[in-house]
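# Understanding the architecture of this molecule
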Amino acid sequence: MDKLTVSELNKVFSARQGDVTALKDVSFSVRESEFAVIVGPSGCGKSTLINIVGGLEDKTSGSVMISGHEISGPGADRGMVFQSYSLFPWLTVQKNVEFGLKMKGVPAKERSETALSYIDMVGLNAFKDALPDQLSGGMKQRVAIARTLANDPEILLMDEPFGALDAQTRMLMQESLADITGRTGSTVLFITHDIDEAILLGDRVLVMSRRPGTIKADIDIKLDCKRNHEALTDEGFIRIKKQIMTLLWEEMDVKGESK
């Protein structure tokens, strides 16, 4: 069953110099419990696409459907995680995770139990009473993920969530996210510039063209090895990476810049 269906999506921005087409006839679907990753050149419209799916940006034409229903603005059926953590600095880890549940009117005991279960899932039990400024960047992002999952969205939308982290923390977060979404059966649409990250996390990788962005290739990720960083040297992993790099290179000029 398809959880997300995007059909012939177009987005045109108006500017003084004339209209700019950011997305052109974008069509794809994401199945239930699938982890789909989008990669593409800078400026190809990846973030515009995920913002439209999230209801934060209006489309020009086309359709976006969640579980067969057309979206109209933001909704609780979609949970978003950005590169910035967007935590409330005056609330503890637990109260940050509880926040959405409180807004829904969930009773205090139930929301506390739910929050603590997700805090445990992301490995932050010892920091449930800490404030955000007492946490590292990776820990803050774990809180953001726990808060989003606690609201039980139908699909998790993630726009470069690990882009601000150092390399070592990023690797740890990738493996942690793979474990968490595997256990929860979450449906995920994930944006990244990192090809290794896309292959490590994704069941499928969608490659976008340069602007106006469209889906250039849809690649199933089938690896015989475990999805951890030892996979980086696996022959199958390297073969898929070369395929994606070739597709992206075709979208660049000889100076290595997007055309």
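Everything numeric here is computed off the predicted structure, so don't read it as measured data.

### Describing the nonpolar core
- If you look at the biggest cluster of nonpolar residues, it comprises 50 residues, and the most contacted ones within it are Phe190, Val207 and Ile244.
- Leaving out residues up to four positions away in the same chain, Val207 has contacts with Val39, Thr214, Ile215, Lys216, Ala217, Ile219, Ile244, Leu247 and Leu248.
- Counting residues in each nonpolar core, the second largest holds 25 residues, with Val30, Met80, Leu157 and Leu189 among its members.

### Regarding the side chain of Ser67
- Assignment of secondary structure puts Ser67 in the loop between β4 (61-66) and β5 (69-70).
- Polar side-chain contacts of Ser67 include one of 2.4 Å to the side chain of Glu154.

### Brief notes about the packing of aromatic side chains
- Tallying each qualifying case throughout the model produces four aromatic pairs.
- Ring centres of Phe88 and Trp90 lie 5.3 Å apart, and the angle between their planes is 45°; this geometry places the pair in the tilted category.
- When the ring of Phe162 is compared with that of Phe190, the centres are 6.1 Å apart and the planes differ by 55°; the resulting orientation is tilted. Here Phe162, found in the loop between β7 (155-159) and α5 (167-184), pairs with Phe190, found in strand β8 (residues 188-191); they are 28 residues apart in sequence, far enough to count as distant. Like Phe190, Phe162 is buried.
- In this structure, Lys11 is placed above the aromatic ring of Phe13, and the distance from its NZ or CZ to the ring centre is 4.9 Å.

### What to know about the environment of Ala146
- In this structure, Ala146 sits in helix α4 (residues 137-150).
- Sequence separation between Ala146 and Arg204 is 58 residues; the distance between their C-alpha atoms is 24 Å.
- Dropping the residues within four chain positions of it, Ala146 is found in contact with Val97, Tyr118 and Val122.

### Overview of the packing of helix α2 (residues 93-103) against helix α3 (residues 108-121)
- Where α2 meets α3, the axes come as close as 9 Å, and the angle between the chain directions of the two elements is 125°. It follows that α2 is oblique to α3 by the angle criterion. Relative to α3, the crossing made by α2 is right-handed. Seen from α2, the contacting residues are Val93, Gln94, Val97, Glu98, Leu101 and Lys102; seen from α3, they are Arg111, Ser112, Thr114, Ala115, Leu116 and Ile119.
- Looking at the contact of α2 with α3, its residues break down into six nonpolar, three polar and three charged.

### A short note on the sheet that holds β5
- Strand order across the open sheet formed by four strands is β2-β1-β4-β5, with antiparallel pairing between neighbours. Of all the strands in the sheet, the pair left with one neighbour each is β2 (20-31) and β5.
- Of the pairings in the sheet, the one linking strand β1 (residues 2-13) to β4 comprises five bridges and is antiparallel in character. Along β4, the bridge assignment pairs Thr5 with Met65.
- In this fold helix α1 (residues 46-53) packs onto β1, β2 and β4, with an angle of close to 120° to the strand it touches most, β1.

### Considering the packing of α2 against α4
- Packing of α2 against α4 brings their axes to within 8 Å, and their N-to-C directions diverge by 30°. As far as their axial angle goes, α4 and α2 are roughly parallel. Judged by the sense of rotation from one axis to the other, the crossing of α2 with α4 is right-handed. Of the residues in α4, those touching α2 at Val93, Asn96, Val97 and Leu101 are Val143, Ala146, Arg147 and Ala150.
- Classifying every residue of the contact of α2 with α4 gives six nonpolar, one polar and one charged.

### Examining the pattern of salt bridges
- For the structure on display, the rule yields 19 salt bridges.
- Measuring nitrogen to oxygen at the nearest pair gives 3.8 Å for the salt bridge that ties Glu57 to Lys11. Residue Glu57 is found in the loop between α1 and β4, and its partner Lys11 is found in strand β1; the two are separated by 46 residues along the sequence.
- Take Glu57: its relative accessible area is 27%, and that puts it in the partly exposed class.

### Concerning α5
- Between the first and last C-alpha of α5 there are 26 Å, a value that for 18 residues agrees with the 26 Å anticipated at 1.5 Å per step.
- The elements touched by buried residues of α5 are β3 (35-39), α3, α4, β7, β8 and α6 (195-201).
- After α5 finishes, the residue Gly185 shows a positive phi value of roughly 70°.

Thresholds, definitions, all that
Residues numbered from 1 in each chain as written. Predicted model: local features only at pLDDT ≥ 70, side-chain atom pairs only at ≥ 80, totals over all residues. Heavy atoms only, no water. Core = buried A, V, L, I, M, F, W, Y, C linked by side-chain atoms within 4.5 Å. Buried < 20%, exposed > 50% of the residue type's maximum accessible area, 1.4 Å probe, protein only. Contact = heavy atoms within 4.5 Å. Helix = DSSP H or I, 4+ residues; strand = E, 2+ residues; numbered from the N terminus. Polar contact = N/O pair within 3.5 Å; in protein donor to acceptor, adjacent residues only side chain to side chain. Phe/Tyr/Trp six-rings, centres within 6.5 Å; stacked < 30°, edge-to-face > 60°. Lys NZ or Arg CZ within 6 Å of the ring centre and 35° of its normal. Axes fitted to C-alpha atoms, helices over the stretch in contact; angles between N-to-C directions. Parallel < 35°, antiparallel > 145°, perpendicular 65-115°, else oblique. Left-handed = near helix turned anticlockwise from the far one by under 90°. Nonpolar A, V, L, I, M, F, W, Y, C, P; charged D, E, K, R; others polar. Pairing = 2+ DSSP bridges. Salt bridge = Lys/Arg side-chain N within 4 Å of Asp/Glu carboxyl O. Expected span 1.5 Å × (residues − 1).

None of this, on its own, says anything about what the molecule does.
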